[in-house]
2 protein chains.
Amino acid sequence: MSDHRKPTMADVARLAGVSPMTVSRALKSGTSVTEATRERIRAAADHLGYVVDITAASFSSGRSGFVAMTIPSINNANFADTARGLTEGLQDSGLELLLGYTDYDIAEEERLVEAFLRRRPEAIVVTGGAHTERCRALLSGAGVPVVEAWDLPAQPIDRVVGFSNAEAGAQIARHLFEQGHHHIGFIGGNGARDTRGADRQRGFLNALRVLGLSDARVVTDLDPPITMREGAAALARLLDQWPDTTAVMCVSDLSAFGAMNAAIRRGMRVPEDLAVAGFGAYDLSEYALPGITTVDAQAHLIGVEAARMIVDALAGHPTHRTKILDVELMARHSTAARQSTIGELQ
Amino acid sequence: MSDHRKPTMADVARLAGVSPMTVSRALKSGTSVTEATRERIRAAADHLGYVVDITAASFSSGRSGFVAMTIPSINNANFADTARGLTEGLQDSGLELLLGYTDYDIAEEERLVEAFLRRRPEAIVVTGGAHTERCRALLSGAGVPVVEAWDLPAQPIDRVVGFSNAEAGAQIARHLFEQGHHHIGFIGGNGARDTRGADRQRGFLNALRVLGLSDARVVTDLDPPITMREGAAALARLLDQWPDTTAVMCVSDLSAFGAMNAAIRRGMRVPEDLAVAGFGAYDLSEYALPGITTVDAQAHLIGVEAARMIVDALAGHPTHRTKILDVELMARHSTAARQSTIGELQ
DNA sequence: CTTGATAATGTTACCGATAACATATAGGCA
DNA sequence: TGCCTATATGTTATCGGTAACATTATCAAG
């Protein structure tokens with residue numbers, strides 16, 4: 001609606017009767033400009049409807065002002081929590097978060113990382129520790145802090161904030177065993193795509209073996225994301241193949257919910273006829289009926305810690321390069337033993 | 001790891017024995033460069049580990065290459081679907097999507113829009129039609145296409161892709177009435193923050209009045225996002241105040257799920273003692289037990305249509321400025337009449 | 001063998017802010 | 001008062017691409 005050309009800093013400077021440089025300083029904090037001048041410049045900028053052109057600013061300063069993050073899925077409460085934690089942790093530094101999702105595909109992750117790099121982010125957070133060779137090279141050569149989150153890669157690229165997915169799986173396995181189960185299954189996805197899920201599966205099956213149980217009851221040929229639909233379908237196949245199964249761990253709470261309700265629709269009682277456990281501590285696991293036993297991976301904290309690491313690294317402070325978080329088993333009614341002592345958990 | 005300075009286009013040009021301009025052309029498609037030259041330049045770029053600096057490119061060309069979108073919540077299947085549809089629709093044009101979330105707060109939306117504007121997006125999509133005065137001004141003066149989504153604002157800023165939230169509410173009201181209910185409640189949130197939810201409520205209560213029913217049974221003093229926890233808490237308050245309520249609409253499927261399970265925990269049967277309906281056609285509504293009656297707002301299509309509008313607008317094609325989508329009632333078992341004819345829906 | 005049209009490449013100027021350095025002004029203290 | 005330091009402001013050069021225009025190479029047709 002203004003004449004045609006967007007106002008520039010020079011326009012504001014002219015109107016306020018100062019040099020463009022003073023305008024530049026006035027519009028950012030922590031710089032020495034008289035309050036009166038700053039006020040006058042602000043008024044001039046408002047009058048002209050001027051907003052700084054970050055494109056030009058970051059070109060000139062060499063700093064883009066944002067952090068890039070890849071997540072497997074945009075619609076996942078866990079990854080959303082991590083993104084939120086990261087956003088919050090970066091806020092004070094004036095860094096913004098640029099999100100991209102890979103759809104659980106490391107080739108897509110490579111594409112995304114390359115696109116991010118073109119924009120010269122000040123740091124990069126990737127979910128997971130599995131990458132294409134070229135993606136590893138891109139990240140290594142990026143020249144900015146790189147954080148791998150949600151995982152404990154054997155060969156970290158740079159920095160890591162994660163937890164042991166294998167241990168999370170093992171905790172569930174031991175819990176189910178303690179509840180008296182000996183015929184225990186696992187429902188998950190194509191491990192090549194969801195490596196964190198595959199790690200949970202590995203830890204789970206390992207623990208079963210250690211306990212002397214069979215680790216054969218596995219349905220894992222579905223493509224991530226493994227959600228309610230997949231959980232329901234997989235449960236049917238699990239029970240068809242191993243009808244005497246009494247307990248099952250699912251790779252996520254969503255699939256656990258799908259599996260649980262599929263079991264109930266088949267006329268089974270949960271937990272009496274089938275115990276069900278998930279992963280991720282979604283709201284759903286708390287409000288489902290019965291409540292679903294799960295593992296809390298502290299998704300939000302992962303984001304906060306990643307932010308802390310990035311801010312410290314950019315400030316040049318020495319930091320630890322790896323932060324390992326604990327996971328916490330949350331036992332709920334879906335895995336209560338027959339003579340339950342935790343019935344009140346519902 | 002390279003000596004110190006990032007390679008520039010000039011470095012690539014020197015190595016390939018051409019001018020920088022030819023490098024620029026070679027690295028983007030749809031430009032006239034001999035295949036041999038392009039190959040040579042690509043090789044030189046790879047050799048140097050060169051990636052185009054989009055910061056510089058967009059500064060120079062004046063085109064940032066991305067579209068900005070605000071959504072109320074990052075972890076919401078509906079908005080995620082819209083974002084996905086938008087991403088897909090923009091892909092062919094090489095436009096990327098920059099997402100920001102407002103936490104259902106129009107002051108935060110204003111902050112976000114201002115931050116976006118600094119980055120000179122080529123188009124802006126905002127969720128909803130309620131904005132601060134200043135935000136309206138910023139959007140109007142942005143000089144780029146603006147799409148308001150998920151709503152039908154009385155005074156659109158520019159373009160609109162939405163549906164009638166009021167009509168969605170009314171459809172649920174009529175459906176519950178047809179199922180034989182006369183004591184019908186509504187559970188929602190603080191309308192000042194979630195105006196789309198408020199519109200659904202308005203349409204719902206209006207329809208009740210038209211049907212000659214009381215529109216007093218309302219619990220709506222919670223802050224968005226209204227999720228399972230809030231749904232459960234609100235149901236308790238609803239039943240405490242109006243114990244003879246036989247049906248309730250919730251502002252979203254999540255809150256409907258929370259309310260439904262809270263009712264079941266109280267010993268009620270759904271749908272026999274209480275019918276429950278939601279909104280949004282989440283997976284959850286399909287896989288819950290019983291399945292939850294809901295309204296499909298075609299979230300993904302909203303994104304696709306917004307993308308189409310933006311692409312057309314940027315290409316200078318004449319377009320309609322408003323696209324109104326239909327909503328579809330999905331009746332499930334949670335609202336089945338006692339002598340149900342749709343019992344098979346489960 | 002020209003000529004003319006088209007494709008391929010080169011030249012020049014510039015986008016809008018900021019870093020780095022230079023200078024002016026204000027205020028404290030001997 | 002005069003000097004010195006700290007704070008406020010101005011000047012100049014520059015970041016790395018691309019638009020717009022200019023030029024050269026290529027090739028088919030007459």
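Scope of this entry: the structure provided in the associated data block. (Residues numbered from 1 in each chain as written. Chains lettered and ligands numbered in written order. Predicted model: local features only at pLDDT ≥ 70, side-chain atom pairs only at ≥ 80, totals over all residues.)

Things to note about the pairing of strand E6 (residues 184-189) of chain A
Residues and elements named next belong to chain A.
Logical step 1: The buried fraction of E6 is high, at 6 of 6 residues.
Logical step 2: The two faces of E6 match: Ile 184, Phe 186 and Gly 188 on one face and Gly 185, Ile 187 and Gly 189 on the other face are all buried.
Logical step 3: Relative to strand E8 (residues 247-250), E6 is paired through 4 bridges, and the arrangement is parallel. Across the sheet, Gly 185 pairs through a bridge with Val 248, a residue of E8. (Buried ≥ 20, exposed ≤ 12 C-beta atoms within 10 Å, placed from the backbone. Helix = DSSP H or I, 4+ residues; strand = E, 2+ residues; numbered from the N terminus. Pairing = 2+ DSSP bridges.)

Concerning the sheet that holds strand E3 (residues 123-127) of chain A
Residues and elements named next belong to chain A.
Logical step 1: On the basis of which strands lie adjacent, the open sheet formed by 6 strands has the order E2-E1-E3-E4-E5-E11 and parallel pairing. The open sheet has two edge strands, strand E2 (96-101) and strand E11 (322-324), and neither has a second partner. Across the sheet, the mean angle from the axis of one strand to that of its neighbour is 20 degrees, orientation sign disregarded.
Logical step 2: Strand direction decides the pairing type here: strand E1 (residues 66-71) and E3, joined by 4 bridges, are parallel. (Axes fitted to C-alpha atoms, helices over the stretch in contact; angles between N-to-C directions.)

Describing the sheet that holds E6 of chain A
Residues and elements named next belong to chain A.
Logical step 1: Spatially, E7-E6-E8-E9 is the arrangement adopted by the 4 strands of the open sheet, whose pairing is parallel. Of all the strands in the sheet, just strand E7 (218-222) and strand E9 (275-277) have a single pairing partner and so form its edges. Here the average twist between neighbouring strands, direction ignored, is 15 degrees.

What to know about the interface of chain B and chain A
Logical step 1: Each partner contributes to the interface: chain B provides 41 residues, whereas chain A provides 41 residues.
Logical step 2: Elements represented by at least two residues in the side of chain B that touches chain A include exactly helix H4 (54-61), helix H5 (77-91), strand E2 (96-101), helix H6 (106-118), helix H10 (228-241), helix H11 (253-265) and helix H12 (283-287) of chain B.
Logical step 3: By residue class, the composition of the side of chain B that touches chain A is 20 nonpolar, 12 polar and 9 charged. (Contact = placed C-beta atoms within 7 Å. Nonpolar A, V, L, I, M, F, W, Y, C, P; charged D, E, K, R; others polar.)

Looking at the protein's contact with DNA strand D
Logical step 1: Among the 23 residues in the neighbourhood of DNA strand D, the closest are listed as Ser 19 and Ser 32 of chain A together with Met 9, Ser 24 and Ser 60 of chain B.
Logical step 2: With 5 residues, H4 of chain B is the single largest residue contributor to the surface near DNA strand D. (Near = placed C-beta within 6 Å.)

Side note on the protein's contact with DNA strand C
Logical step 1: Taken together, 23 residues lie around DNA strand C, and Thr 8, Met 9, Ser 24 and Ser 60 of chain A together with Ser 32 of chain B are the ones closest in.
Logical step 2: Within the residue set of the surface near DNA strand C, elements represented by two or more residues are helix H2 (20-26) and helix H4 (54-61) of chain A together with helix H2 (20-26) and H4 of chain B.
Logical step 3: Of all the elements, H4 of chain A adds the most residues to the surface near DNA strand C, at 5 residues.
Logical step 4: Here the residues of the surface near DNA strand C are counted per class, giving 11 nonpolar, 10 polar and 2 charged.

Description of the nonpolar core
Logical step 1: Of all hydrophobic cores here, the largest spans 204 residues; its most connected members are Val 248, Ala 259 and Val 276 of chain A together with Val 248, Ala 259 and Val 276 of chain B.
Logical step 2: The residues touching Ala 259 of chain B, leaving out its near neighbours within four places in the chain, are Ile 187, Gly 231, Ala 232, Ala 234, Leu 235, Val 248, Cys 250 and Val 276 of chain B.
Logical step 3: Counting residues in each nonpolar core, the second largest holds 10 residues, with Met 9, Ala 16, Val 23 and Ile 41 of chain B among its members. (Core = buried A, V, L, I, M, F, W, Y, C linked by C-beta atoms within 7 Å.)

Details of the pairing of E1 of chain A
All names here are of chain A.
Logical step 1: A large share of E1 lies buried, amounting to 6 of its 6 residues.
Logical step 2: Taking every second residue as pointing to the same face, both faces of E1 are buried, with Phe 66, Ala 68 and Thr 70 on one and Val 67, Met 69 and Ile 71 on the other.
Logical step 3: Examined bridge by bridge, E1 and E2 share 6 bridges and lie parallel to one another. If you follow Val 67 over to E2, its bridge partner there is Leu 97.

Quick look at the relation of the copies chain B and chain A
Logical step 1: With an RMSD of 0.2 Å, chain B superimposes on chain A once it is rotated by 180 degrees and translated 0.1 Å along the axis. Taken together, the rotation and translation relating the two chain copies correspond to the operation of a two-fold axis. (Least-squares fit on C-alpha atoms with pLDDT ≥ 70 in both.)

Here's the deal with unusual backbone geometry
Negative phi characterises most residues that are not glycine, and trans characterises most peptide bonds.
Logical step 1: Geometrically, the link from Leu 289 of chain A to Pro 290 of chain A is a cis peptide bond, its omega value of -5 degrees lying close to zero.
Logical step 2: Inspection of the secondary structure puts Pro 290 of chain A in the loop between helix H12 (283-287) and strand E10 (294-296).
Logical step 3: In this structure, the amide linkage connecting Val 270 of chain B to the following residue, Pro 271 of chain B, adopts the cis form with an omega of 15 degrees.
Logical step 4: Mapped onto the elements of the fold, Pro 271 of chain B is located in the loop between H11 and strand E9 (275-277).
Logical step 5: Despite not being glycine, Asp 103 of chain A has its phi angle at roughly 55 degrees, a positive value.
Logical step 6: Within the element layout of this structure, Asp 103 of chain A appears in the loop between E2 and helix H6 (106-118).
Logical step 7: Positive phi, normally seen in glycine, also occurs at Arg 120 of chain B, with a value near 50 degrees.

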